[in-house]
Amino acid sequence: MRQRSRTRSRATALLLLFALITSTLAPVTSAQQPNIIQEHWYHSYTTLTYDVQAWESDHPDIVKVISAGTTVLGRQQWVVQISDWSVDNKSDGSPKEKVYIDGGHHGNEHLGTELAFLTAEFYIEGWDDGEEEAVEVLQNTELHIMVLLNADGNDADTRWNTNQVDLNRNYDHHWAPEETRSGSGPFSEPETRNNADYMAEWVPDADLYVTMHTGTWILAYPWGFTGDMPSDWELFEHIRDTIHETIDADLPVRNANAGIYPTHGTSRDYGYGVMSYPTFTFETDDEQTLLGTVQSLSDRLSVELEVMRYLISNIWYWRARLNVTEMEVTPGKEVVLHVVNNGHATTENASIQYVFEDSMEVLWQSENFSVNASNESHVTLDARNLTLRPGGTFALHYMKRVIDSSPWVHQPIDPDLVKIVEETEEGWLPYPSAALSIVCMIVGAIYSKSRSNQRFPSGDEIN
Ligand SMILES: [Zn+2]
């Protein structure tokens, strides 16, 4: 994200040298860049287009490439969609997890763009080699990766797009005209509009979004526009602590406002505030002049790739995941339940609904309760207005995360877990034995009728 001016003469000279090598000594037989080049030189729009199309034609089982739209100058914004496309869902029938990644908002931030490319490559090549981690991820997850958002800026080796707008200040979330080159209004630029449209159309329910930049070495979570902590701070702090304990204790992981500098209208804040994704800006360091060194890109970005693998492999945990373990219902009185949160995000607006299963009509809804991240709760809910009826069923209703934009989850509760308690003193009958209730009522009526004619010595009547 850092603004920087660079001289291009050395890069241009080296580009010519590489062009010479590739055209004379090592002719490119496949469309893809040979590893020796790919590992030591940054992609241009042209070479990236070759590479993503080669991926698609070589791996039709796991790679689809689509364009999210075009830049000001008409270049395609390629999105590489990677998953085991032979199956629509996970083996248990539930939908696959969805990851969204983009790179290259700032055209001259090559390392961030290459990190997006390397992340895609890791899973594609891993699948090819039958590596367990890649296979498991692709069977359970869809990766959607827009490697280079700002191809025009990349081609001109500039931070801005062709309209001289800073695309990472142009999103419709606390957009501010006083930010440097934020555009004429929110989403004034096609590159940002297309990115937001892609999110809404293809990955509205993603549970991870990482936007890749070059600058200060940091993994930054929301917010940029305010110094306040994000609503889901527990989730972000859990991720921070795990990265520090298991991958690299030195990688700064913190909120962007403090960790980088205050910013308005970024894709990270938009992704979290509007789409509710857990979002991160991944900034590599800014030592981009790797040409002339022997260190390969994958070596150079190995810590970053390891962090990405951790975030992707554990995506199942990046939301609240409630699971009722015990539930006792006393109609007309209370519902007592024990609920476990297997996810690392807190939910504050959970409730129990009693739903008519044919029409999904909500017959009763409890007050709200909270379940903290990776915790469990034992709650007693007021059920004075709850009446059970045939065809009724219980469900959990809760938000995936605390952030206001979070989607809701409607999750049926296994009826075998629900214990119905009869309130004998007030004459409540057991459920679900509705038929038995009717039998009892009939028997009771006959019994009382037969007794009604009897008179006890005391003269008191029964019933
Ligand atoms: Zn940037």
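In short, a report on the structure. All figures in this text were calculated on a predicted structure; none of them were measured in a lab. (Residues numbered from 1 in each chain as written. Predicted model: local features only at pLDDT ≥ 70, side-chain atom pairs only at ≥ 80, totals over all residues.)

### Brief notes about the sheet that holds strand β4 (residues 141-146)
Backbone hydrogen bonds are what pair the strands of a sheet, in a parallel or an antiparallel way.
Reasoning step 1: Pairing is mixed across the open sheet formed by eight strands, whose spatial order is β1-β2-β4-β3-β5-β8-β6-β7. Each of the sheet's edge strands pairs with one partner strand only, and the pair in question is β1 (63-70) and β7 (253-255). If you compare each strand with its neighbour and ignore which way they point, the axes differ by 25° on average.
Reasoning step 2: Direction of pairing for strand β3 (residues 97-103) relative to β4: parallel, over a ladder of six bridges. Directly across from Ile101, in β4, lies its bridge partner Ile145.
Reasoning step 3: Packing of helix α7 (residues 190-202) onto the sheet brings it into contact with β1, β2 (76-82), β3 and β4, and relative to β1 it is tilted by some 135°.
Reasoning step 4: The sheet contacts of helix α12 (residues 302-313) involve β3, β4, β5 (208-215), β6 (218-221) and β8 (279-285), and relative to β5 the element is tilted by about 170°. (Pairing = 2+ DSSP bridges. Helix = DSSP H or I, 4+ residues; strand = E, 2+ residues; numbered from the N terminus. Axes fitted to C-alpha atoms, helices over the stretch in contact; angles between N-to-C directions. Contact = placed C-beta atoms within 7 Å.)

### Overview of the sheet that holds strand β17 (residues 418-420)
Reasoning step 1: Taken in spatial order, the four strands make up an open sheet running β14-β10-β9-β17, and their pairing is mixed. Single-partner strands in this sheet number two, and they are β14 (376-382) and β17. Pairwise comparison of adjacent strand axes, ignoring direction, gives a mean angle of 15° for this sheet.
Reasoning step 2: Relative to β14, strand β10 (residues 334-341) runs antiparallel, the two sharing seven bridges. Looking across to β14, one finds that Glu334 is bridged to Asp382.

### A closer look at unusual backbone geometry
Reasoning step 1: With an omega of 5°, the peptide bond running from Pro222 to Trp223 counts as cis.
Reasoning step 2: Within the secondary structure, Trp223 is located in the loop between β6 and α8 (233-246).
Reasoning step 3: Even without being glycine, Asp157 reaches a positive phi, approximately 50°.
Reasoning step 4: You can call Asp157 partly exposed: it has 15 C-beta atoms within 10 Å.
Reasoning step 5: Phi is positive for His174, which is not a glycine, with a value near 50°.
Reasoning step 6: By the secondary structure assignment, His174 is in the loop between α6 (151-155) and α7.
Reasoning step 7: What makes His174 partly exposed here is the crowd of 18 C-beta atoms within 10 Å. (Buried ≥ 20, exposed ≤ 12 C-beta atoms within 10 Å, placed from the backbone.)

### Some details on the packing of helix α4 (residues 110-128) against α12
Reasoning step 1: Put simply, α4 and α12 touch, their axes get as near as 10 Å, and they point 55° apart. Relative to α12, the element α4 lies oblique. Crossing angle aside, the handedness with which α4 passes α12 is right-handed. Residues Leu115, Leu118, Thr119 and Phe122 of α4 lie in contact with α12, whose contacting residues are Glu304, Leu305 and Met308. (Parallel < 35°, antiparallel > 145°, perpendicular 65-115°, else oblique. Left-handed = near helix turned anticlockwise from the far one by under 90°.)

### With respect to the packing of α4 against helix α5 (residues 132-140)
Reasoning step 1: Where α4 contacts α5, the two axes come as close as 8 Å, and the packing angle between them is 110°. The angle between α4 and α5 places the two elements in the roughly perpendicular class. Each of Tyr123, Gly126 and Trp127 in α4 lies in contact with α5, whose residues at this interface are Glu133, Ala134, Val135, Val137 and Leu138.
Reasoning step 2: Across the contact of α4 with α5, the residue classes break down as six nonpolar, one polar and one charged. (Nonpolar A, V, L, I, M, F, W, Y, C, P; charged D, E, K, R; others polar.)

Purely geometric stuff here, so don't read any function into it on its own.
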